[in-house]
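Fold and geometry: a report
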Amino acid sequence: MKFIDKLKLSWHNIKQNKSRSIITLIIVYVIGLMVMGILALGISFVGNMNEIQTEKLANQEIEITHSNAEDITLDEISLLKNVFEENKDYITNISETSAIGFGFSSSRITMFDYNYFNEINYVIVEGEKPSSAISNTNIVYLNSSYNQEYHIGDEYIIEYEGSDYTFIVGGFLEWNDFYGNESQTISIRAEYFVDMTYFINNISQINGFTIHYNYQNEFNAKECILKLDELRNEVKSVVPDEKPRFVVDRMVSTTTDASLLDQFYKAYIMNYLIIAFALVLGIILILMSVGSISNTLTISIDKNKKFFGLLKALGLKNKDVLWIVLYEGFFIIVLGSVLAFITLLMNLELMKNIVVDTVIVVLNYSFEDNTVAPSFIMPYYTVFINIVFFIIFTYLFSRTTLNGVYKSAPLEVINEVK
Amino acid sequence: MYEEEVKQMIILKKLNKVYGETASATVALKDVDLVIEKGKFTAIVGKSGSGKTTLMNMVGALDKPTSGSLTIDEVEITNLTEDLLASYRNKTIGFVFQSFYLEPTFTVLENVAMPLTIAGVDRIERETKAKEILIKLGLEDKIYKKASDLSSGQKQRVCIARALINDPEIILADEPTGNLDTQNGEEVMKILKEISESGKTVILVTHDLDDIKYADNLIEIKDGVVSCNYSDRYEDLFK
């Protein structure tokens with residue numbers, strides 16, 4: 001039997017069972033309103049939460065710290081520089097640090113410092129601004145707290161694992177923030193501080209660095225987190241965590257005040273929980289109303305038993321009988337769901353207000369004081385989800401109900417009505 | 001010997017039908033051995049409850065025998081699946097019921113075309129065919145009427161038209177005149193006779209002796225057993 005003819009027979013059955021079909025249509029409509037409404041509210045709440053979270057993250061700096069106490073070679077530094085350059089859109093600042101020997105471990109030497117977004121100015125408190133001419137020497141600029149102990153031109157010896165390493169003190173410096181415009185300021189590049197070639201060849205103790213990673217407002221937080229992971233993996237691939245010399249448990253990790261990042265992950269999980277909750281609630285509601293649809297189909301089967309018996313006598317196959325009855329249910333489901341969806345579309349403002357109020361209360365967020373604009377999403381797929389679940393459950397319920405007509409011989413069906 | 005002489009259409013061997021189980025079981029047919037000839041008008045007669053309708057239902061695959069063999073056109077019907085039985089009913093059998101079983105909300109055309117609709121035939125083709133048959137049966141002015149608006153005689157003719165639309169080999173008529181007055185009854189029987197003369201196998205179940213004069217063969221059922229089989233010989237008895 002052709003699909004269109006089955007549909008026509010289903011429509012015929014609906015007409016035969018008009019009042020019950022209308023009641024079921026109303027039930028499907030109301031449940032559809034609730035299911036799609038809950039889903040849309042959940043999705044919209046999650047959408048707003050993501051936006052708010054992104055905004056919060058955008059205002060925070062995140063660090064990736066690598067500290068494996070293993071030598072980092074010049075080649076590795078060169079590769080790392082490439083990685084940093086490629087990711088400079090996301091990186092505000094990279095500090096290369098090194099705990100060079102126990103005697104010096106209390107104050108890390110900044111080996112190089114890339115500042116992509118802001119000029120970080122250091123002040124030469126004492127000494128002269130290094131020039132490229134001295135960049136290939138083993139001159140070191142020390143923190144100003146050492147200026148009582150050392151003088152410019154002094155040899156600065158670092159003892160490490162039984163060997164002495166000698167630097168010439170080129171000057172003392174401090175952050176500009178502390179000293180204002182008192183003296184010369186320089187933009188930090190690694191070469192100006194230490195002769196890295198000398199340093200690495202002799203001390204081989206560049207064993208840590210910190211990447212200051214900052215979300216930008218225009219970036220999607222989720223995308224940034226993925227980028228962060230990518231960056232972390234790239235760093236890891238260049239400088240592996242294997243065989244840490246001093247510290248075994250410190251690998252490439254996000255060690256920042258990344259509580260916000262954690263929050264984001266929690267929010268990320270919460271997103272799924274909210275959607276899952278909405279789905280579960282929706283399924284429960286659908287299951288409640290499927291009973292009504294199944295009941296309608298049962299009544300329809302009873303009412304049309306003679307008709308089905310006749311059709312079977314004339315050669316209609318059992319599976320076609322099943323489909324004719326199911327299409328009847330599907331028709332009511334599709335019509336009820338679409339009507340419910342249209343109703344929701346007509347009440348978007350009301351739905352939006354519910355979401356906004358929920359966000360304000362649950363997330364303690366003020367839309368007025370921040371940049372995120374409240375939004376409400378009514379995804380089209382909710383109507384399909386609603387229909388699909390309804391159809392699946394109706395199918396499962398009705399197969400059992402249909403067995404009476406489905407399995408019995410046509411004559412039994414006719415005679416039963418007789 | 002007999003089986004070789006005639007062109008066989010339907011062969012029943014040791015066919016039994018029992019309703020219910022054990023002590024309360026009712027034997028509707030008991031070890032029925034029967035051959036129904038192809039292209040003949042066979043009447044099955046018997047009192048109410050004798051098993052004649054059960055026999056017809058078995059042949060029409062509307063019911064399944066409890067045991068025995070039923071071969072139609074060399075096909076063992078008892079071995080067929082539900083789907084094949086449905087196909088068999090649709091293509092090989094045309095039913096004429098005493099109670100017509102027309103869908104009252106459908107038009108005459110829709111009712112007649114129903115077997116073709118079930119067979120998946122295109123709307124235009126099935127309606128053309130249905131119209132042709134309805135015109136042949138003198139129902140051209142009733143084509144678009146609702147079945148509920150027809151008289152009993154007209155309803156039975158619509159029922160016959162529906163039985164013929166798939167051009168089946170066998171027409172099964174269960175008390176076709178039972179709900180009709182004498183005149184309409186006569187008309188229906190004449191139509192069935194014409195169908196038989198066109199080469200179809202017509203099996204008529206009736207308890208009305210007026211109807212059997214149209215038949216070529218006569219089978220009498222008594223308490224589920226074939227008591228008499230007057231194949232080609234009944235004319236001498238009834239004329």
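Heads up: the structure comes first, above all this text.
For the structure given in this document, a descriptive report is provided here. (Residues numbered from 1 in each chain as written. Chains lettered and ligands numbered in written order. Predicted model: local features only at pLDDT ≥ 70, side-chain atom pairs only at ≥ 80, totals over all residues. Heavy atoms only, no water.)

**A word on the overall build of chain A**
As a reminder, the rule being used: A run of DSSP states H or I qualifies as a helix once it reaches four residues; a run of E qualifies as a strand once it reaches two. Both are numbered from the N-terminal end. The rule is simple: take the accessible area with a 1.4 Å probe, protein chains only, and divide by the maximum for that residue type; under 20% is buried, over 50% is exposed, in between is partly exposed. Contacts: residue pairs with any heavy atoms within 4.5 Å of one another.
Counting its regular elements, chain A contains 13 helices and ten strands. Burial analysis of chain A (418 residues in total) assigns 50% to the buried set. Restricting to contacts in chain A with at least 6 residues of sequence separation, those with at least 24 account for 83%.

**A look at the environment of A:Asn48**
Residue and element names in this part refer to chain A. Let me state the cut-off plainly: What qualifies as a polar contact is a pair of N or O atoms within 3.5 Å, subject to a donor-acceptor requirement within protein and to the restriction that residues adjacent in sequence count only when both atoms come from side chains.
For Asn48, the location among the structural elements is in helix α2 (residues 18-58). When the C-alpha atoms of Asn48 and Ala373 are compared, they prove to be 8.3 Å apart, with 325 residues separating the residues in sequence. Ignoring anything within four residues of it in the chain, the contact list for Asn48 reads Val355, Val359, Phe367, Ala373, Pro374 and Ser375. Among the polar contacts listed, one links the side chain of Asn48 to the backbone oxygen of Ser375, at a separation of 2.8 Å.

**Regarding the nonpolar core**
Worth spelling out the cut-off: As used here, the term nonpolar core means buried Ala, Val, Leu, Ile, Met, Phe, Trp, Tyr and Cys residues forming a set that is joined through side-chain atoms within 4.5 Å.
If you look at the biggest cluster of nonpolar residues, it comprises 84 residues, and the most contacted ones within it are B:Ile10, B:Ile72 and B:Ile170. In terms of nonpolar packing, the next biggest core, distinct from the first, is built from 41 residues, B:Val108, B:Ala113, B:Ala147 and B:Leu204 among them.

**Digging into the packing of helix α1 (residues 3-16) of chain A against helix α10 (residues 318-346) of chain A**
To describe two helices that pack against each other, one gives the angle between their axes and the distance between the axes. All names here are of chain A. Our working definition: Helix axes use the C-alpha atoms of the stretch in contact, all axes being lines fitted to C-alpha atoms, and the angles between their N-to-C directions lie in the range 0 to 180 degrees. Should the near helix be turned counterclockwise from the far one by less than a right angle, the crossing is left-handed, whereas a clockwise turn marks it as right-handed. For this classification, Asp, Glu, Lys and Arg are treated as charged, while Ala, Val, Leu, Ile, Met, Phe, Trp, Tyr, Cys and Pro are nonpolar and the rest, including Gly, are polar.
Axis separation between α1 and α10 bottoms out at 8 Å; the angle between their running directions is 60 degrees. The handedness of the crossing between α1 and α10 comes out as right-handed. Of the residues in α10, those touching α1 at Phe3, Lys6, Leu7, Leu9, Ser10, Trp11, Asn13 and Ile14 are Asp320, Trp323, Ile324, Tyr327, Glu328 and Phe331. Taken together, the residues of the contact of α1 with α10 break down into nine nonpolar, two polar and three charged.

**Here's the deal with a nonpolar patch on the surface**
Residues and elements named next belong to chain A. Put simply, the rule is: A patch consists of residues exposed above 30% relative accessible area that lack any salt bridge, with like charges linked at up to 9 Å and nonpolar side chains (Val, Leu, Ile, Met, Phe, Trp, Tyr) linked at up to 5 Å. Only the protein chains shown count as cover for residues, and the accessible areas themselves come from Shrake-Rupley with a 1.4 Å probe. One speaks of a salt bridge when a side-chain nitrogen belonging to Lys or Arg is within 4 Å of a carboxyl oxygen belonging to Asp or Glu.
Side chains of Trp11, Phe331, Val334, Leu335, Val338, Leu339, Ile342 and Met346 sit close together on the surface and give an oily, nonpolar patch of about 710 Å² of accessible area. Mapped onto the fold, Trp11 is located in helix α1. You can call Trp11 partly exposed: its relative accessible area is 41%.

**Thoughts on the interface of chain B and chain A**
Where we set the bar: By buried area we mean the combined loss of accessible area, with a 1.4 Å probe, across both parts when two parts are placed together.
Across the contact, 24 residues belong to chain B and 24 residues belong to chain A. For the pair chain B and chain A, the summed buried area comes to about 2,200 Å², and 61% of that belongs to carbon and sulfur atoms. For the chain B face of the interface with chain A, the top three residues by lost area are B:Leu62, B:Tyr101 and B:Ile118, together amounting to 30%. Counting across the interface, chain B meets chain A through two salt bridges. The salt bridge involving A:Asp5 is made with B:Arg126; its shortest N-O contact spans 2.9 Å. The tally of links between chain B and chain A comes to seven residue pairs in polar contact (both at pLDDT 80 or more). Among the elements of the structure, α3 (82-92), α4 (108-119) and α5 (123-136) of chain B are those that each provide at least two residues to the side of chain B that touches chain A. Among the elements that line the side of chain B that touches chain A, the one with the most residues is α3(B), at six residues. Looking at the side of chain B that touches chain A residue by residue, the classes come out as ten nonpolar, six polar and eight charged.

**Considering the pattern of salt bridges**
Scanning the model with the defined rule gives 14 salt bridges over all chains in all. Between A:Asp320 and A:Lys6 there is a salt bridge, and its shortest N-O distance comes to 3.2 Å. Highlighted residues: A:Asp320 in helix α10 and A:Lys6 in helix α1, separated in sequence by 314 residues. We note that A:Asp320, like A:Lys6, is buried. When the shortest N-O distance is used, the salt bridge between B:Lys14 and B:Asp33 registers 3.9 Å. Of this pair, B:Lys14 sits in strand β1 (residues 8-19) while B:Asp33 sits in strand β2 (residues 26-37), and the two are 19 residues apart along the sequence. On the basis of relative accessible area, B:Lys14 is assigned to the partly exposed category, the value being 48%.

**Overview of the packing of aromatic side chains**
Residue and element names in this part refer to chain A. Our working definition: When the centres of two rings from Phe, Tyr and Trp lie within 6.5 Å, Trp using its six-membered ring, the rings pair. Their planes under 30 degrees apart give stacked, over 60 give edge-to-face, and anything left gives tilted.
By the definition in use, this model includes twelve aromatic pairs over all chains. Here Phe3 and Tyr327 contribute two aromatic rings whose centre-to-centre distance is 5.3 Å and whose plane-to-plane angle is 85 degrees, an arrangement assigned as edge-to-face. On the criterion of sequence distance, the pair formed by Phe3 in helix α1 and Tyr327 in helix α10 is long-range, its members being 324 residues apart. Taking the relative accessible area as the measure of exposure, Phe3 reaches 49% and is therefore partly exposed. Residue classification places Tyr327 among the buried residues on the basis of a relative accessible area of 14%. An aromatic cluster of three or more residues is present, and its members are Phe3, Trp323, Tyr327, Phe330 and Tyr395.

**Description of α4(B)**
Here α4(B) lies mainly inside the structure; ten of its twelve residues are buried. Taken together, the buried positions of α4(B) are occupied by B:Val108, B:Leu109, B:Asn111, B:Val112, B:Ala113, B:Met114, B:Pro115, B:Leu116, B:Thr117 and B:Ile118. At its buried positions, α4(B) is contacted by α1 and α9 (305-313) of chain A together with α3, α5 and α6 (152-164) of chain B. Just downstream of α4(B), B:Gly120 is the residue with a positive phi angle, here 85 degrees.

**Regarding empty space enclosed by the protein**
Put simply, the test is: Residues are said to line a cavity or pocket when one of their atoms sits within 4 Å of a point; the points come from a 1 Å grid over protein atoms alone, cavities being sets where a 1.4 Å probe fits but cannot get out and pockets being open sets with protein on both sides within 12 Å along at least five of seven lines. Grid points are joined across faces, edges and corners, and a volume is the space filled by probe spheres set on the points.
Here the structure, examined in full by the defined rule, presents two cavities of 30 Å³ or more. The volume enclosed by the largest cavity comes to roughly 60 Å³. For the lining of the largest cavity, the secondary-structure elements that each account for two or more residues are α3, β6 (93-96) and α6 of chain B. If you tally residues by element for the lining of the largest cavity, the top one is β6(B), at three residues. Here the residues of the lining of the largest cavity sort into five nonpolar, three polar and two charged. Residue lining of the second largest cavity: A:Val35, A:Leu39, A:Ala278, A:Leu279, A:Gly282, A:Ile283, A:Ile286, A:Ile385, A:Asn386 and A:Phe389, and that is the complete set. When residues of the lining of the second largest cavity are traced back to their parent elements, those giving at least two are α2, α8 (259-303) and α12 (381-407) of chain A. At five residues, α8(A) tops the list of elements feeding residues into the lining of the second largest cavity.

**Looking at unusual backbone geometry**
Residue and element names in this part refer to chain B. Within the chain, Asp31 stands out as a residue other than glycine whose phi angle is a positive 45 degrees. Tracing the chain through its elements places Asp31 in strand β2. Overall, the relative accessible area of 41% leaves Asp31 in the partly exposed class. Of note in this structure, Tyr101 is not a glycine but carries a positive phi near 50 degrees.

**A look at the side chain of B:Glu175**
Residues and elements named next belong to chain B. Relative to the elements of secondary structure, Glu175 occurs in the loop between β7 (170-174) and α7 (182-197). Since its relative accessible area comes to 9%, Glu175 is described here as buried. In this structure Glu175 touches Lys52, Gln98, Val205, Thr206 and His207, once residues within four positions along its chain are discounted.

**Some remarks on the packing of α6(B) against α7(B)**
All names here are of chain B. Just so we agree on the cut-off: Should an angle lie under 35 degrees it is considered roughly parallel, over 145 roughly antiparallel, and from 65 to 115 roughly perpendicular; all remaining angles are considered oblique.
Following both chains from N to C, one finds α6 and α7 inclined at 15 degrees, their axes separated by 9 Å at the closest point. On the basis of their axis angle, the class for α6 and α7 is roughly parallel. Read as a crossing pair, α6 and α7 show a hand that is right-handed. Residues Gly153, Gln156, Arg157, Ile160 and Leu164 of α6 touch α7, and the partners they reach there are Asn184, Glu187, Val188, Ile191 and Ile195. Counted by class, the contact of α6 with α7 contains five nonpolar, three polar and two charged residues.

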